[in-house]
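Residues per chain, in single letters:
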There are 2 protein chains.
Amino acid sequence: MYPDPQSITRIASIGGGPIGGGWAAHFLARGYDVTSYLHDPAEIGAFRAILDTAWRSLTDLGLAKGASLDRLTIVHNLKDAVQGAQFIQESAPENLAMKQALYKTLGEIVPADVVIGSSTSGLMMTDIQAECATPERCVIGHPFNPPYLLPLVEIVGGKKTSLDAVAWAGRFYEIAGKAPLMMKKEIPGFVATRLQEALWREALHMVANGEATPEDIDIALMNGPAPRMVAQGQCMAFHVACGAGGMATNLDQFGPALKLPWTRLTAPELTPELRNRMVDGCNAIAGDRPFEDMAAQRDREIVAVLNALRDVRADQTP
Amino acid sequence: MYPDPQSITRIASIGGGPIGGGWAAHFLARGYDVTSYLHDPAEIGAFRAILDTAWRSLTDLGLAKGASLDRLTIVHNLKDAVQGAQFIQESAPENLAMKQALYKTLGEIVPADVVIGSSTSGLMMTDIQAECATPERCVIGHPFNPPYLLPLVEIVGGKKTSLDAVAWAGRFYEIAGKAPLMMKKEIPGFVATRLQEALWREALHMVANGEATPEDIDIALMNGPAPRMVAQGQCMAFHVACGAGGMATNLDQFGPALKLPWTRLTAPELTPELRNRMVDGCNAIAGDRPFEDMAAQRDREIVAVLNALRDVRADQTP
């Protein structure tokens with residue numbers, strides 16, 4: 001029913017803020033034609049500034065063949081925006097009533113085989129699609145800020161979304177140069193924001209209790225977990241750090257630490273089922289790579305990141 | 001009372017595991033003479049392997065002038081290890097009774113003007129120093145794994161530690177090429193591990209509830225928060241993302257989201273005092289840099305990191 005995601009060449013981007021502008025810049029950099037809908041002509045100056053800023057970074061990352069800012073059209077009429085679009089990225093304000101009305105309109109004016117991805121970071125698709133006559137093609141496609149740089153897009157449908165549309169979105173975003181995460185359930189905060197929010201709330205507790213300052217929080221993150229987290233997520237970081245025993249050793253040895261007051265978040269019970277899900281999941285990611293190889297790769301990547309940061313910071317020193 | 005931290009040339013590293021080995025490698029790479037105490041001669045092979053692995057990365061990061069693995073001495077007698085040492089990094093097993101006995105002995109055989117830093121990740125210095133006759137020079141110097149690569153060292157004293165020793169450790173670790181974080185209070189998990197643990201427990205809850213797999217968690221972190229977190233900690237990420245309004249805009253606008261179920265960790269009450277600590281803290285970090293400059297610097301660093309990762313991964317492709 002949906003067109004081949006490889007065949008997509010024209011995208012409509014709804015919204016003139018940092019997210020809508022970031023998406024427009026990303027798709028242009030990947031070589032798509034983009035029509036951006038801005039509610040008010042007065043937004044054009046700020047919108048162009050967002051694109052110009054993003055374009056500098058996108059150029060440094062490498063543009064697709066034929067990519068050009070000249071392939072952007074800015075319109076102020078929704079019908080003009082979606083005319084001929086083969087995919088729609090919606091980044092309207094985070095207001096449920098506004099989004100519901102928008103999707104009601106889009107349901108009327110956009111052919112049913114055009115998938116609509118919402119950038120919402122706080123709303124659920126089940127709610128957003130409530131008044132849309134063609135809800136089955138409406139999915140969440142949630143980026144991470146800044147959307148023109150960070151690869152993650154979290155993808156999940158609402159209750160009325162078809163599985164085909166969700167799968168299509170995953171393939172499309174991947175072709176468009178993103179790192180899609182196909183979510184297992186529709187949950188508040190999705191995956192990345194939930195993890196970030198847990199960390200953020202712990203940070204706020206620490207500042208509230210005089211245990212750390214904002215500067216302490218940032219020093220800790222930038223010099224501790226972060227350079228490793230670009231190379232390995234938290235699961236594989238623990239898996240590889242435990243040597244050949246991997247996640248099984250981690251949970252069997254350090255599982256009792258889940259009872260310790262190392263954060264204000266109570267841990268789940270470490271049931272055999274949870275243990276096995278973690279162990280099996282890490283083993284699946286690792287495949288047949290020996291842990292020494294994964295540790296060496298981690299180290300090479302951390303070194304590359306630290307050297308890259310040192311170089312770019314040295315360039316800034318007056 | 002303590003010697004000039006710039007004058008330190010000889011370090012004793014206690015412990016032959018990945019942390020003790022990582023510390024020895026780091027100090028050697030910074031040009032120090034290092035004597036490593038290994039409890040059992042049978043540990044030597046594994047210990048040498050840790051150093052050889054670390055040395056490859058440390059060489060790629062850049063060795064200090066005169067740095068050499070030949071400046072390592074391995075001993076199996078504690079008195080030999082601390083003989084002539086001007087600083088001691090203790091990375092013994094995480095067993096309180098064992099550490100208490102060790103610090104009792106160190107208190108007897110190490111001159112009182114030699115600071116001892118403990119790598120412990122789970123114990124408190126107030127407990128570790130309980131039986132030491134010279135507890136005032138005993139501090140926590142907690143690294144982040146792998147300790148030869150990640151810059152962070154969290155520094156805090158116990159109840160009997162002198163403020164001079166804590167301050168000395170901060171200066172010494174900085175001279176030795178680390179990023180010291182001077183902690184405000186002695187709390188379980190210190191700062192970085194607490195933040196990481198909050199994220200980890202949220203991840204375990206999500207896996208336990210079938211909301212995400214370990215692979216989902218890692219995809220989300222590596223492609224979302226991580227590449228930005230090396231450039232900006234969570235506080236400055238929110239500060240700069242909100243434009244000229246900064247953290248004040250973030251908290252005033254998104255503060256209500258702290259009540260939303262975006263993680264299982266309940267947030268603290270956003271009191272005026274907490275708000276102001278966050279706002280003042282971020283403004284202090286920012287200084288007089290306009291947010292556009294900070295956003296542009298963030299983007300340059302993210303681009304550098306993404307390009308560095310792409311290059312190092314391309315080199316691995318067979």
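Residues numbered from 1 in each chain as written. Chains lettered and ligands numbered in written order. Predicted model: local features only at pLDDT ≥ 70, side-chain atom pairs only at ≥ 80, totals over all residues. Heavy atoms only, no water.

**Q** Please set out helix α1 (residues 18-29) of chain B residue by residue, giving values where relevant.
**A** All names here are of chain B. Here α1 spans 16 Å end to end across twelve residues, near enough to the 16 Å set by a 1.5 Å rise per residue. Looking at α1, one finds that the buried residues are Gly 20, Gly 21, Gly 22, Trp 23, Ala 24, Ala 25, His 26, Phe 27, Leu 28 and Ala 29. Positive phi shows up at Gly 31, right after α1, with a value of about 95°. (Helix = DSSP H or I, 4+ residues; strand = E, 2+ residues; numbered from the N terminus. Expected span 1.5 Å × (residues − 1). Buried < 20%, exposed > 50% of the residue type's maximum accessible area, 1.4 Å probe, protein only.)

**Q** Go over the packing of aromatic side chains with me, naming the residues and quoting the values.
**A** Here the structure, examined in full by the defined rule, presents 24 aromatic pairs over all chains. Look at Trp 200 of chain A and Phe 238 of chain B: their rings are 4.7 Å apart centre to centre, the planes differ by 90°, and that puts the pair in the edge-to-face class. In this pair, Trp 200 of chain A is assigned in helix α7 (residues 192-208) and Phe 238 of chain B in helix α10 (residues 234-241), connecting two distinct chains. Its relative accessible area of 3% is what places Trp 200 of chain A among the buried residues. On the basis of relative accessible area, Phe 238 of chain B is assigned to the buried category, the value being 15%. One aromatic cluster is present, built from ring pairs that chain together Trp 23, Phe 27, Tyr 32, Phe 87, Trp 168, Phe 172 and Tyr 173 of chain A. Its end group placed over the ring of Trp 23 of chain B, Lys 178 of chain B keeps NZ or CZ at 5.4 Å from the ring centre. (Phe/Tyr/Trp six-rings, centres within 6.5 Å; stacked < 30°, edge-to-face > 60°. Lys NZ or Arg CZ within 6 Å of the ring centre and 35° of its normal.)

**Q** I'd like a rundown of the relation of the copies chain A and chain B, residues and numbers included.
**A** Of the transformation superimposing chain A on chain B, the axial component is 0.0 Å and the angular component is 180°, with the fit at an RMSD of 0.0 Å. Both chain copies can therefore be described as sitting about a two-fold axis. Mapped onto chain B, 100% of the interface residues of chain A again fall at the interface, so both copies present the same surface. (Least-squares fit on C-alpha atoms with pLDDT ≥ 70 in both. Contact = heavy atoms within 4.5 Å.)

**Q** How would you explain the sheet that holds strand β4 (residues 87-90) of chain B if you had to name every residue and give the values?
**A** Residue and element names in this part refer to chain B. Spatially, β3-β2-β1-β4-β5-β6-β7-β8 is the arrangement adopted by the eight strands of the open sheet, whose pairing is mixed. Looking at the sheet topology across the chains shown, the edges are occupied by β3 (72-75) and β8 (179-182). Here the average twist between neighbouring strands, direction ignored, is 25°. Examined bridge by bridge, β4 and strand β5 (residues 115-118) share four bridges and lie parallel to one another. (Pairing = 2+ DSSP bridges. Axes fitted to C-alpha atoms, helices over the stretch in contact; angles between N-to-C directions.)

**Q** An account of the state of the cysteines is requested, with residue identities and associated values reported.
**A** All names here are of chain A. In the structure shown here, the tally under the stated rule is zero disulfides over all chains. Here Cys 235 stays free of any disulfide, with the sulfur of Cys 282 as its closest cysteine sulfur at 5.2 Å. Of the residues examined, Cys 282 reaches a relative accessible area of 0% and is grouped as buried. (Disulfide = S-S within 2.5 Å.)

**Q** Now, about unusual backbone geometry: what can you tell me, with residues and values included?
**A** Most peptide bonds are trans, and most residues other than glycine sit at a negative phi. Residues and elements named next belong to chain A. Looking along the chain, the bond that leaves Asn 145 and enters Pro 146 is cis, with omega of 0°. In this structure, Pro 146 sits in the loop between β6 (138-143) and β7 (152-157). We note that Phe 190 has phi near 55°; this positive angle belongs to a residue other than glycine. Of the residues examined, Phe 190 reaches a relative accessible area of 2% and is grouped as buried.

**Q** Got a sec to walk through the pattern of salt bridges? Specific residues and values, please.
**A** Applying the stated criterion across every chain yields a total of 28 salt bridges over all chains. Salt-bridge contacts for Arg 194 of chain A lead to Glu 202 of chain B; the nearest nitrogen and oxygen are separated by 3.0 Å. You can see Arg 194 of chain A sitting in helix α7 and its partner Glu 202 of chain B sitting in helix α7 (residues 192-208), one on each of two chains. The exposure class assigned to Arg 194 of chain A is buried, which follows from its relative accessible area of 4%. Residue Glu 94 of chain B is joined to Lys 99 of chain B by a salt bridge in which the shortest nitrogen-to-oxygen separation is 3.4 Å. Assessed through its relative accessible area of 42%, Glu 94 of chain B is described here as partly exposed. The structure contains a network of salt bridges with shared partners spanning Arg 194 of chain A together with Glu 202, Glu 211 and Arg 264 of chain B. (Salt bridge = Lys/Arg side-chain N within 4 Å of Asp/Glu carboxyl O.)

**Q** Got a sec to walk through the domain arrangement of chain A? Specific residues and values, please.
**A** Split by domain assignment, chain A resolves into domain 1 (5-182) and domain 2 (224-316). If you average the C-alpha positions of domain 1 of chain A and of domain 2 of chain A, the two centres end up 33 Å apart. (Domains from an automatic or database assignment.)

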